[in-house]
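Secondary and tertiary structure notes
Spelled out, the chains give:
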Amino acid sequence: MSESEALNAKTDANSGSESSDSQREGTEPSDSEMDFLRNLLSRSLNLQDLQPTKVLEERSVEGIAKYILSGKCQKIICMVGAGISTSAGIPDFRSPGTGLYDNLQKYDLPYPEAIFETGYFKPTVCHYFMRMLRDKGLLLRCYTQNIDTLERVVGLKDEDLIEAHGTFYTSHCTNSVCRKQYNLDWMKTQIFTKPLPKCEQCSSVVKPDIVFFGESLPQQFFATMESDFPKCDLLIIMGTSLQVQPFASLASRVSDATPRLLINKETTRQGDPVMALLGLGNSLDFDSEKAYRDVAYVGSCDDGCLALADLLGWKEELEDIVKKEWALIDSKTEGAQASAIPQAPDEIKKSGQVAETEAEKPAG
């Protein structure tokens, strides 16, 4: 081989190596990611078509009901927050001084573990409305910020749910080698009987599968949203003002033609254009001259679901389901209380024994 041929061969090899390295550095973005970026830039820079696609006959709850009944709406996504559980009596887990454990004494509970039992916090009308959507073949997915597991209590399964901020339903050992899973019954017993839940297999700490501040959201959240939101033909947002990211940004991931219904005690704030450009806005528009697809029902989530169910001709069915399910929950709770007397933690037992001993001593 001549000197020039050797030089050319080396150059070709280096070129191939650089090409290979370039391919390894990153992969092509998916179609859904590109569509999201196009829509995001279009909305943020005000480059949308002058006459966007309108699918609602009227921008109202009545218009939403007509759209659902038309048969054109088959893939509904529900995005829900704490507001759907307030009528169940679920306390605020976030605010200092108003959280579950700060206010435990306010609840007339027969024993502390009862705070985790369904009989004390029943699912709401809103929860059962989402189950109706599932049973009628209209629910694509429910994305929830809540960790109270009430979506599961009404019968939504793993395939119906994305628990964005995790759940108390399961817990795992924090040892990366072990990762043994525990259920809710095990965890609620541990919380009230031991200083710290420990793994039965390796003695490491066991943590509920909830997302604490500063932690990443579950991988399933990011993987599923990529495929779900481009297919969504109606987005129903309930019990949230869309202030917590990245959950709030999901509202911007549906297509520009997809109607969005907000059921909440207050409307969301108008999205910040800069935040929207970063993919962190909610982009809902109820009042501007350009509004064409967003509808707001201002009131409780239960009232909003009943109003929509009424327009759909489902109200009586929904009320019957709630009545029967609540009666079933009450009967199970009464049976459980009658058949099981919970054991108090050792320190409580000891303090009680001391009190009894003191009471038995003769006066003087």
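Before reading further, recall that the structure is shown in the block above.
None of the values given here were measured: they were computed from a predicted structure. (Residues numbered from 1 in each chain as written. Predicted model: local features only at pLDDT ≥ 70, side-chain atom pairs only at ≥ 80, totals over all residues. Heavy atoms only, no water.)

1. Some thoughts on the overall build of the protein chain
Looking only at helices and strands, one finds eleven helices and nine strands in the protein chain. Each of the 364 residues in the protein chain was classed as buried or not, and the buried ones make up 42%. Taking the contacts inside the protein chain whose residues are at least 6 apart along the sequence as the reference set, 70% of them involve residues at least 24 apart. For the protein chain, the exposed surface amounts to about 20500 Å²; the carbon and sulfur share of it is 51%. (Helix = DSSP H or I, 4+ residues; strand = E, 2+ residues; numbered from the N terminus. Buried < 20%, exposed > 50% of the residue type's maximum accessible area, 1.4 Å probe, protein only. Contact = heavy atoms within 4.5 Å. Areas by Shrake-Rupley, 256 points an atom, 1.4 Å probe, with all protein chains shown as cover.)

2. Some thoughts on the side chain of Ser 171
Position of Ser 171 relative to the elements: it lies in strand S4 (residues 166–173). Excluding anything up to four places from it in sequence, Ser 171 contacts Lys 180, Gln 181, Tyr 182, Met 187, Val 206, Lys 207, Pro 208 and Asp 209.

3. Remarks on helix H7 (residues 219–228)
Every buried residue belonging to H7 is among Phe 221, Thr 224, Met 225 and Asp 228, and all of these are buried. Seen end-on, H7 carries its buried residues on one side only, within an arc spanning 105°. Buried residues along H7 sit in contact with strand S1 (76–80), strand S2 (139–144) and strand S3 (161–163). (Arc of directions from axis to C-beta.)

4. So, the packing of helix H3 (residues 61–69) against helix H9 (residues 301–312)
At a minimum axis separation of 9 Å, H3 and H9 run at an interaxial angle of 50°. In terms of axis orientation, H3 runs oblique to H9. In the packing of H3 onto H9, the handedness of the crossing is right-handed. Residues Val 61, Glu 62, Ile 64, Ala 65, Ile 68 and Leu 69 of H3 form the contact with H9, whose own contacting residues are Leu 308, Leu 311 and Leu 312. Taken together, the residues of the contact of H3 with H9 break down into eight nonpolar, no polar and one charged. (Axes fitted to C-alpha atoms, helices over the stretch in contact; angles between N-to-C directions. Parallel < 35°, antiparallel > 145°, perpendicular 65-115°, else oblique. Left-handed = near helix turned anticlockwise from the far one by under 90°. Nonpolar A, V, L, I, M, F, W, Y, C, P; charged D, E, K, R; others polar.)

5. Comments concerning the environment of Pro 230
When you line up the elements, Pro 230 lands in the loop between H7 and strand S7 (234–238). When the C-alpha positions of Pro 230 and Arg 253 are compared, they lie 6.9 Å apart, and in sequence the two are 23 residues distant.

6. Examining unusual backbone geometry
Glycine aside, a negative phi is what most residues show, and trans is what most peptide bonds show. Cis rather than trans, the peptide bond between Gln 245 and Pro 246 has omega equal to 5°. Even without being glycine, Thr 149 reaches a positive phi, approximately 70°. Following the sequence through the fold, Thr 149 ends up in the loop between S2 and helix H5 (150–153). Backbone geometry places Ser 203, a non-glycine residue, at a positive phi of 70°.

7. As for the sheet that holds strand S8 (residues 260–264)
As summarised here, the arrangement of the six strands in space is S3-S2-S1-S7-S8-S9, forming an open sheet in which the pairing is parallel. Since the sheet does not close on itself, it has two edges, and those belong to S3 and strand S9 (294–298), each with one partner. Taking the axes of each pair of neighbouring strands and ignoring which way they run, one obtains an average angle of 15° across the sheet. Where S1 meets S7, five bridges bridge the pair, whose relative direction is parallel. Among the inter-strand pairings, Met 79 is bridged to a residue of S7, identified as Ile 237. Its contacts with the sheet place H7 against S1, S2 and S3, and it is angled at close to 145° to S2. Along the sheet, H9 makes contact with S7, S8 and S9, crossing S8 at roughly 135°. (Pairing = 2+ DSSP bridges.)

8. As for the packing of helix H4 (residues 125–135) against H9
Close contact between H4 and H9 brings their axes to 8 Å; oriented N to C, the two are set at 40°. Here H9 runs oblique to H4, going by the angle between their axes. Counting all contacts with H4, which are made through Val 125, Cys 126 and Phe 129, the residues of H9 involved are Cys 301, Asp 302, Cys 305, Leu 306, Leu 308 and Ala 309.

9. Digging into the packing of aromatic side chains
Overall, the coordinates contain five aromatic pairs when judged by the stated rule. Members of the aromatic cluster, joined through ring pairs, are Tyr 143, Phe 221, Phe 222 and Phe 229. For the cation-ring pair, Lys 136 lies above Trp 314, with the distance from its terminal atom to the ring centre recorded as 4.8 Å. One cation-aromatic arrangement involves Lys 180 over Tyr 182; the distance from NZ or CZ to the ring centre is 5.4 Å. (Phe/Tyr/Trp six-rings, centres within 6.5 Å; stacked < 30°, edge-to-face > 60°. Lys NZ or Arg CZ within 6 Å of the ring centre and 35° of its normal.)

10. Looking at the pattern of salt bridges
As enumerated under the stated definition, the model contains twelve salt bridges in all. Across the pair Arg 134 and Asp 135 runs a salt bridge, and its minimum N-O distance is 2.8 Å. Residue Asp 135 is classed as partly exposed on the basis of its relative accessible area, which comes to 49%. In this structure, the salt-bridge partner of Lys 136 is Glu 317, at a minimum N-O distance of 3.3 Å. Residue Lys 136 is located in the loop between H4 and S2, and its partner Glu 317 is located in helix H10 (residues 315–339); the two are separated by 181 residues in the primary sequence. Ionic contacts of the salt-bridge type, sharing partners, join the residues Arg 131, Arg 134, Asp 135, Asp 160 and Glu 325 into one network. (Salt bridge = Lys/Arg side-chain N within 4 Å of Asp/Glu carboxyl O.)

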